[in-house]
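Examining the three-dimensional arrangement
Residue strings, one per chain:
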Amino acid sequence: MTIATPKFGVGASALRKEDDRLVRGRGSFTDDHRAEGELKAYVVRSPYAAARFAFTDLDEARRAPGVHLVLTADDLRHLGPVPCHTGLKQPDGSRPVLKQVPLLCDGEVRHVGDAVAFVVADTLAQAQEAAELIGIDWDATDAHVDLATALEEGSPLVWPDLGTNQAFLYRLGDAARAAEAFARADRVVEVTVVNNRLVANYMETRACLAEWDAAEEKFTFTVGSQGVHGMRDILATEIFGLEPGKVRVLTGDVGGGFGTKAFIYREYALAMEAARVTRRPVKWVSDRSEHFLADAHGRDNLTTARMALDAEGRFLALQVDLLAGMGAYLHQYGPNIPMIGVTMSTGVYDIPALDVTVRGVYTHTTPVDAYRGAGRPEAAFVLERLVDAIARETAIPVEEVRRRNFIRPEQFPYTTQGKRMYDVGEFDGHMTHAYEKADVAGFAARAKEAAARGKVRGLGTAVYIEACAFAGSEAAHLELTTDGTIVLDIGTQANGQGHETAYAQFVAEKIGIDFDRIVVRQGDTERLARGGGTGGSRSIPLGGVSVSSASEILAEKMKKLAADELEASPADIELVDGAARIVGTDRTISYAALAKAAKSDEDRKAQADVKQAEATYPNGTHICEIEIDPETGTIEIVRYTVVDDFGMTVNPVLLLGQVHGGIVQGIGQALCEGAVYTPDGQLLTASLMDYTVPRADILPFFDFETRNVPSTTNALGIKGAGEAGTIGATPAAMNAVIDALDRAKGIRHMDMPATPQKIWAALNG
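Conventions used here
- Residues numbered from 1 in each chain as written.
- Predicted model: local features only at pLDDT ≥ 70, side-chain atom pairs only at ≥ 80, totals over all residues.
- Heavy atoms only, no water.
- Pairing = 2+ DSSP bridges.
- Helix = DSSP H or I, 4+ residues; strand = E, 2+ residues; numbered from the N terminus.
- Axes fitted to C-alpha atoms, helices over the stretch in contact; angles between N-to-C directions.
- Contact = heavy atoms within 4.5 Å.
- Salt bridge = Lys/Arg side-chain N within 4 Å of Asp/Glu carboxyl O.
- Buried < 20%, exposed > 50% of the residue type's maximum accessible area, 1.4 Å probe, protein only.
- 1 Å grid on protein atoms, 1.4 Å probe; cavity = no way out; pocket = protein on both sides within 12 Å on 5 of 7 lines; lining within 4 Å.
- Points joined across faces, edges and corners; volume = space filled by probe spheres on them.
- pLDDT = per-residue confidence, 0-100.
- Phe/Tyr/Trp six-rings, centres within 6.5 Å; stacked < 30°, edge-to-face > 60°.
- Lys NZ or Arg CZ within 6 Å of the ring centre and 35° of its normal.

A few points about the sheet that holds strand S18 (residues 456-465)
If you walk across this open sheet you meet the 4 strands as S18-S26-S27-S28, and the pairing is mixed. Both outer strands of the open sheet, S18 and strand S28 (703-706), are each paired with one neighbouring strand and no more. The average angle at which neighbouring strand axes cross in this sheet is 10 degrees, direction not considered. Taken together, the 4 bridges between strand S27 (residues 635-645) and S28 define a ladder with parallel strand orientation. Its bridge partner being in S28, threonine 641 is matched across the sheet by aspartate 703. Strands S18, strand S26 (619-628) and S27 of the sheet are contacted by helix H12 (residues 443-452), whose axis makes an angle of about 145 degrees with S18.

As structure tokens, this is what we get:
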């Protein structure tokens, strides 16, 4: 028997309810907030990647028109630095020295854009003009930005007191077992690949508005974030030494986050301190250049991976040696990113032994932290590039190499050598289906036709798996109000994903209410005591499950209220179209009347906090087909096929948007994006004139579908989808590039991004 999906319930392709407000320009982003008497702030930043400095004149700036405050490190000694949160232990059991981001540098800078002063004035122009009056004596020192050579003897040190540019050492796996497997291997295949440094480039740059209530000794802080509660706790307890209740954090609409807006940045504490000192609201808004220089970058790995094989091409062991660029400081979660990533080193394959070494490395560059996927895209890229290299060296078709080594359905639940517990999976199933959809069998004919036109075709495959929606929970609080609306309070934070729509679908399915009568509230620490924020594709798998459970609880309470009012049994009550009704009759009572009939507030409220004990593991196959013009080096993506396993689809329209966006960011890394520094640490790609982001005209229509196997660790079978597109796209695109180059000239290696210049140079000698 087929059960129809409710119009707005889970599984329906409901259009985003928030879009009507946003497309009409009625969004409420951080810079839209105004406070009476607000001042504007400007950060004075280092033009050098490495230098000692001393202020020679601050008075002229402090006397400049409109200036209220100039802060330096001397004014901030009572405050803590921006903390790095990591439980990292090195192989000897020690914890690394954490070189954390200072609020303002104290006599020495370590990357271009490092902050040395904070100027507050009536207008931004006045603050900028005053900044020019600050006298600074700079003594530039040698800088080092090359990750590959940063650990070599004689390289300039970012932190001389450490005696090395190594920030930390981390090991995973069983080195002895892996060595034994390599000793008996019939063949060993090795690749060295770069995961290029990326800049997030969300549409809305970072901004904040700090207000100080002297009477209550309390801050109100408005900021674009990925979760207000963690931000409150760090600002209050770790930087200002206050009780959490003394800092209220508010977040409205957010124009993109991608992990990078999850963190505390120095400007936030600086604005708060300036507000406290001046007794005036202080606003700081980043410009795009500051975004390139000061916001945490992503990726920046150099990895050598080796696979031991038997005579039939089956995997025996994997060794990974990873240099993880940290930049000049250990950012909030920076060391955790490669640590999480390498737990996924074995991917979808049954690899009996693993030996991973991770060395965190300091360079005179902007700090690195989580960026969409946070370690898992890096791991998938390394592994899928290696698998393609194995296919070429063994002359076994790429799909057959994968098929021989997939974890088989009967092996689940499966614990990997990276200590991940996969609950379910049918990897061969979605790869085979993707090959059929992409017409891989017809590729040879298409490649021949392209050659006749002077073009070169390439086909790339990536089969990925990721860990997300990690163990934990996200509480949902529902209330039936006296005007008949349902209000949801939840501690995640929308950054453009469509939370208002997705959460409303869970409510509508259980309570029978129109979307317009459901209000989703996020982003206020005073409305909710705690919340986990948004990141790691956790909002719908964790938050959605709790919303569904809370909706069931509230529905039962509403039926009981209705039964009392209509003199019926709760079992005879149905909730439909905004009213409670006795089944089979026209006797109804509106939701507003139900709320007013409640004898206590608890009768019209419900809460659920469904805990999840293990991560979920989305997986899928991406197939990218490209055509290269050897005369120009330009790449055209002519086909892109995806078959994903997300466990369960809440909303196909929202899912499509997440997958499309992820694919574009993955292709961006593969083909055009990359932060480039000069040897002395100047960022050459410091604007959108120099840093290339993918544009619509380089992208095809994506052929996407799901082949879902419900998760057994998630109460509703959901696996999460926010990062998946990024994880599969980068290796698929680069494998296509290498396939084309190999067909044309026998070229089997190129580092990302595969720009037209690189392609042309490779094909034309």
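Concerning the pattern of salt bridges
Close approach of charged atoms lets side chains of opposite charge pair. Overall, the coordinates contain 62 salt bridges when judged by the stated rule. Here aspartate 19 makes a salt bridge to arginine 16, at a shortest N to O gap of 2.7 Å. By relative accessible area, which is 26% here, aspartate 19 ends up partly exposed. Residue classification places arginine 16 among the partly exposed positions, given a relative accessible area of 23%. Arginine 21 is paired through a salt bridge with aspartate 253; the nearest N and O atoms lie 2.6 Å apart. In this pair, arginine 21 is assigned in helix H1 (residues 19-23) and aspartate 253 in the loop between strand S11 (247-250) and helix H6 (266-278), connecting sequence segments 232 residues apart. With a relative accessible area of 24%, arginine 21 lands in the partly exposed category.

Some points on the layout of surface pockets
There is about 900 Å³ of room inside the second largest pocket. Along the walls of the second largest pocket sit 41 residues, with Asn196, Glu673, Gly674, Met752 and Pro753 positioned nearest its centre. Sorting the residues of the lining of the second largest pocket by element identifies strand S8 (187-195), strand S13 (301-309), S27 and helix H18 (756-763) as the ones contributing at least two each.

Some details on the sheet that holds strand S12 (residues 282-285)
If you trace the 7 strands from one edge of the open sheet to the other, you get S3-S5-S1-S12-S9-S10-S11, paired in mixed fashion. The sheet is open, and its two edges are formed by strand S3 (67-71) and S11, each paired on a single side. Taking each pair of neighbouring strands and ignoring which way they run, the sheet shows an average axis angle of 20 degrees. Sheet topology note: the strand S10 (residues 218-223)/S11 ladder contains 4 bridges and is parallel. Bridging across to S11, threonine 220 finds its partner in arginine 248. Each of strand S1 (39-45), S3 and strand S5 (115-121) is contacted by helix H3 (residues 124-133), which is oriented at about 30 degrees to S1, the strand it contacts most. Running at roughly 145 degrees to S11, helix H5 (residues 228-240) makes contact with S10 and S11 of the sheet.

Considerations on the confidence of the model for the protein
Confidence in the prediction of the protein, expressed as mean pLDDT, is 97, and 99% of residues score 70 or more. Scored below 50 in pLDDT, residues 1-5 shows 3 contacts in the model against residues more than four places distant or in partner chains.

Some words on the packing of aromatic side chains
Scanning the entire structure with this criterion turns up 20 aromatic pairs. Considering the side-chain rings of phenylalanine 53 and tryptophan 138, the 5.4 Å spacing of their centres and the 40 degrees angle between planes classify their relative orientation as tilted. Here the residue phenylalanine 53 occupies a position in strand S2 (residues 51-57), and tryptophan 138 occupies one in strand S6 (residues 135-140), the gap between them amounting to 85 residues. An aromatic cluster of three or more residues is present, and its members are Phe221, Phe263, Tyr265, Tyr268 and Tyr333. Here arginine 206 stacks its cationic end above the ring of tyrosine 265, 3.7 Å away from the centre of that ring. In this structure, lysine 261 packs its charged tip against the face of tyrosine 202, placed 4.1 Å from the ring centre.

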